[in-house]
Amino acid sequence: MRIKTKLYMGFGIVLTVILLIGTTVLYTYNQQRDHLSNVVNENYERVKLADNLEAYSQAISREVRQLLLMDLNHFDQSVTIYEDQKELINYYQHSSTVQLDLLKQLSTNKDTSDLIATIEFENDQYNDLILSIFDYVESGNTNRGVQELLNNTEVRTSLIDSINELKVLEEHEMERALQSSEEMFHSALLFFSSLIGISILFIVGLTLQITKSIDRSINKVRSVMVNIPSKLMDQLPKIRNIKDDEIGDIAKTYNVMVEHLESIKKKEDKLNETLKEDNWIKSNYAQVTDNIQGLQDLKKFSETLLTSIAPLVSASFGILYIKDDGKQLIKQGSYADEYRDIGVEKINFGDGLVGQSALTNRKMYFRKLPENYIKSSSGLGEGVPTSLIIIPVKFEKGVIGVLELAKFEPFTRIEIDFLEHLCDSVGANINQILNHLKISDLLVESQTTTEELQTQSEELQQQQEELRMINEKLHDQYKQSDEKTKELEVIKKDLERRNREIQLSSKYKSEFLANMSHELRTPLNSILILSQLLHENNDQNLTKKQVEHAETIYTSGKDLLDLINDILDLSKIESGKIDIYPEELEISNVKAFVERQFSHVAQQKGVNFNIKIEHDTPSIIYTDDQRLKQILKNLLSNAFKFTKEGNVDLHIKRGSNDVNSKVIFSIRDTGIGISTEKQKSIFEAFYQGDGTTTRKYGGTGLGLSISKELSTLLGGYIEVESKEGKGSSFLLHLPDLSSQIDEAVIDMDEIAVTSEEPLNDRFDSQSNITVIHHNKTEKDIENTKELLENKVVLIVDDDMRNVFALTTALEMNKIKVLFAENGKEAIDMLNKNPAISIVLMDIMMPIMDGYEAMKKIREREEWSDLPIIALTAKAMKNDREKCLQAGASDYISKPVDMTQLLSLIKVWVYK
Ligand code: ADP
């Protein structure tokens, strides 16, 4: 049983006993109380009633005496008093009877009942006496009544005595009751004392029992533990017959602990054993190494080693082989307890057990040797060793030798460990000895060489002297070259600075050229327009000579414009400011353009002009339309310029196979040709074949260099083939730029090279008007004039010369001209003159420029369809887009070709 249960049970029993005692005490106490209340209620009541009875009897006797003493002679008055007195006496009599009745009801024992009966009898007697007294008094015989009372006094006294007797009896009774309750109390006390005594005895017994049982369990565990010897032993006592209680748990835990201790002890023993073995190995190892320390001779070393080891491991034979320079093991020492020569002198790696052990770097151990393996003898007899061990001697992971030992008993594990440990470390000693031997060999060798060297050294000294001189010379040279390098550095820096300056000046140059071009074109505009007007001689008032002069002015102006354009082109190409805008271009379009440009030139010169497109030519090419046409125009102009008679052919064909040549444009002429040496120079800027002042052919010498540069920009190249006097052919190779479209850089703000062609092209496609001034018929001009008569044109320009020239030209065509100096004035004019049918808008103006003015105009609904033609002098590259975006209906660049302008006006006014 568990201790906990035992304790619970013990306490339970004690509690039950206490409860039992408590209940008994309560019961006894209740009984006692009942008994006492009985005494109080009944005996005391009877004593009280007896007291009352006595009091009433005394009162009756007193009142009767009173009645007898009354004067009843005057009866009339005294009747009432007498009656009252009689009534009072009757009342007392009645009360006595009531008390008696109550007494009777209460009485229980016989003595009391008898006494009460006597009292009743005597009371009745007394009452009868009183009644007779009343009778005497009423009959007026009061004296007789007094006599009667005095004669019968004993009736009253006996009544009183009896009552007193009852009282005494009752008091006795009470006393007795008290006594009996005292006795009850005593017996109860006795009962409790004995009960408590028994309970205490029982509880003490129980407690002793439980304590004893717990003590027994503890003692059992304690005795086992006390018996554990002070030194831990292999077998520790264990507790058997374990009870299933808390002490039992401790006992179980103790048993587990004992098992742990036992295993620890075993481990400790094992460790001790190992330590002992280690100690053995170490001390012997120290002894052996001590013996071999400092030995420099290989044989001596080997012998010492073997004689040191063999007795330690009780071996009877031993051999030490050491590796030579090659792959051979040489016997360096042997040990045999009878001092004979044993063992093979040389063993190859891999041969036999020793060779195998050396090759594989593994030890070998044999416990049973064949009987005739080797014999060992002593003075007393001879025997065959039974165990053999072969261990490789290691040095730096390699094998430097092999140790072989044999003995009669098997080698113990410690012995093998010891030998292995030794073989791992003596390698270093062997190696050291070998090195030592080598060094001494080398020393001898070196001594002879030193002598040789001494003689050589003398020779060298001489050579060194020579070298020193050479070195000095070289040093001087190095110094010089260093100075040169420094100079070069300075020059390089200077060049870099100049390069920067050049770049800067090139930038200035480009800007200068751009500005010059603007400044030159604006006056050129007036010159061209007005000279054209003069040349037309519409009023027929100029002489033929004057008309010719006007024409010269016009063509000179035109040449000047071309020159300005060329110079601008070249400078922009040189400064890398020309960008390429590839687009899809139909070859047929190129053909149409060339025809339009040059058929009349061919006609004028009387030269055949043939254009041919080969059938396998790609119909579409991705390239910059404007640049291609510019190149073709240049090449064809040259061809016509340098050809007096014969043919100029344009041959368009499929390109050669390289990437830069998808289409070839070949321009061949039968003109003057170019000599071989000149062919190299014609592409240089400003070069002209005939550079003299008396030259026949006009030109600037820029055309070919521009063409060459442009072709490079387009990704292609130009080739020339020519024979002087026979003609020339120029081949323009162009690639397809479709793959490069996305990469094209578009710099909108750069100044574009102005060229009229794109505009003309646009014209052609829009209105089919061929704008070639020289081909215009008189009829056409008349026709235009009629159509434009009285139309109102608003010129918006801040340059008065331009306004004047344009006004003159337009008025000659009977057009009404209004003008405004800037955008703001233009809007005012438009407000005032609803008749204005077209606006010619300059772009660069003060106050409000053309773009803004056009935007403002377009904001007004009534002017949303008003034709506006934008004019600009400084031809910006993206002018066309910018103008159209701002609201221009069309675009024309300065200097204005009047014929073109008139056609445009006609187109827009009648749209
Ligand atoms: P230019 O304005 O003088 O024509 P170019 O750069 O176009 O300048 O040509 C340079 C020179 O190359 C010319 O002056 C001329 O001597 C020579 N040249 C160019 N094209 C031809 C051609 N088709 N036939 C003969 N010579 C030519």
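Residues numbered from 1 in each chain as written. Predicted model: local features only at pLDDT ≥ 70, side-chain atom pairs only at ≥ 80, totals over all residues. Heavy atoms only, no water.

A.B. asks: Explain the pattern of salt bridges to me, please; I cannot follow it from the model alone.
C.D. replies: Two side chains of opposite charge can pair, provided their charged atoms sit close to one another. If you walk through the whole model with that rule in mind, you get 32 salt bridges. In this structure, lysine 104 engages glutamate 120 in a salt bridge whose closest nitrogen and oxygen atoms are separated by 3.0 Å. Here glutamate 120 lies in helix H3 (residues 110-138) and lysine 104 lies in helix H2 (residues 75-106), a separation of 16 residues in the sequence. Looking at glutamate 120, the relative accessible area reads 25%, which means it is partly exposed. (Salt bridge = Lys/Arg side-chain N within 4 Å of Asp/Glu carboxyl O. Helix = DSSP H or I, 4+ residues; strand = E, 2+ residues; numbered from the N terminus. Buried < 20%, exposed > 50% of the residue type's maximum accessible area, 1.4 Å probe, protein only.)

A.B. asks: How should the site of the ligand be read in this particular structure?
C.D. replies: Taken together, 20 residues are adjacent to the ligand, and Asn638, Asp669, Gly689, Thr700 and Leu704 come closest. Taking aspartate 669, its side chain carries an N or O atom lying 2.9 Å from a nitrogen atom of the ligand. Coverage of the ligand by the protein amounts to 95% of the 530 Å² it exposes when considered alone. Secondary-structure elements contributing two or more residues to the shell around the ligand are helix H12 (625-641), helix H14 (703-713) and strand S15 (727-734). Counting residues per element, the shell around the ligand draws most heavily on H12, at 3 residues. (Near = heavy atom within 4 Å. Polar contact = N/O pair within 3.5 Å; in protein donor to acceptor, adjacent residues only side chain to side chain. Areas by Shrake-Rupley, 256 points an atom, 1.4 Å probe, with all protein chains shown as cover.)

A.B. asks: Please clarify how unusual backbone geometry should be interpreted in this entry.
C.D. replies: The general pattern is negative phi for most residues beyond glycine and trans for most peptide bonds. Even without a glycine there, the phi angle at asparagine 537 is positive, about 50°. Looking at where asparagine 537 falls in the secondary structure, it is placed in the loop between helix H9 (413-536) and helix H10 (544-574). Its identity is not glycine, yet isoleucine 847 carries a phi of approximately 65°, on the positive side. Among the secondary structure elements, isoleucine 847 is positioned in the loop between strand S18 (836-842) and helix H19 (850-859). Residue isoleucine 847 is classed as exposed on the basis of its relative accessible area of 69%.

A.B. asks: Please clarify how a nonpolar patch on the surface should be interpreted in this entry.
C.D. replies: Residues Ile196, Ile200, Val204 and Leu208 make up a contiguous nonpolar surface patch of roughly 360 Å² in combined accessible area. Checked against the element boundaries, isoleucine 196 lands in helix H5 (residues 153-226). (Patch = residues over 30% accessible without salt bridge, like charges linked within 9 Å, V, L, I, M, F, W, Y side chains within 5 Å.)

A.B. asks: Explain the nonpolar core to me, please; I cannot follow it from the model alone.
C.D. replies: Within soluble globular proteins, side chains that are nonpolar generally end up buried alongside one another. Membership of the largest hydrophobic core comes to 41 residues, with the highest contact counts inside it found for Val594, Phe609 and Phe665. Breaking this core down by element, the ones donating at least two residues are H10, helix H11 (587-605), strand S10 (608-613), H12, strand S12 (647-654), strand S13 (663-669), H14 and S15. Among the elements that take part in this core, H12 stands out by supplying 7 residues, more than any other. The residues contacting phenylalanine 609, other than those within four sequence positions of it, are Val594, Phe598, Ser599, Ala602, Leu636, Phe640, Val648 and Leu650. Counting 30 residues, the second largest nonpolar core, distinct from the first, contains Val313, Leu320, Ile400 and Phe418. (Core = buried A, V, L, I, M, F, W, Y, C linked by side-chain atoms within 4.5 Å. Contact = heavy atoms within 4.5 Å.)

A.B. asks: How do you make sense of the pairing of S13 when you look at a structure like this?
C.D. replies: The side chains of a regular strand alternate, first on one face of the sheet and then on the other. Most of S13 sits out of view: 6 of its 7 residues are buried. Bridge analysis of S12 against S13 gives 7 bridges, and the strand direction is antiparallel. Residue pairing across strands places leucine 650 opposite isoleucine 667, the latter belonging to S13. As defined by bridge partners, S13 adjoins S15 across 6 bridges and the pair is classed as antiparallel. What sits directly across from serine 666, in S15, is leucine 731. (Pairing = 2+ DSSP bridges.)

Purely geometric numbers; function is a separate question.
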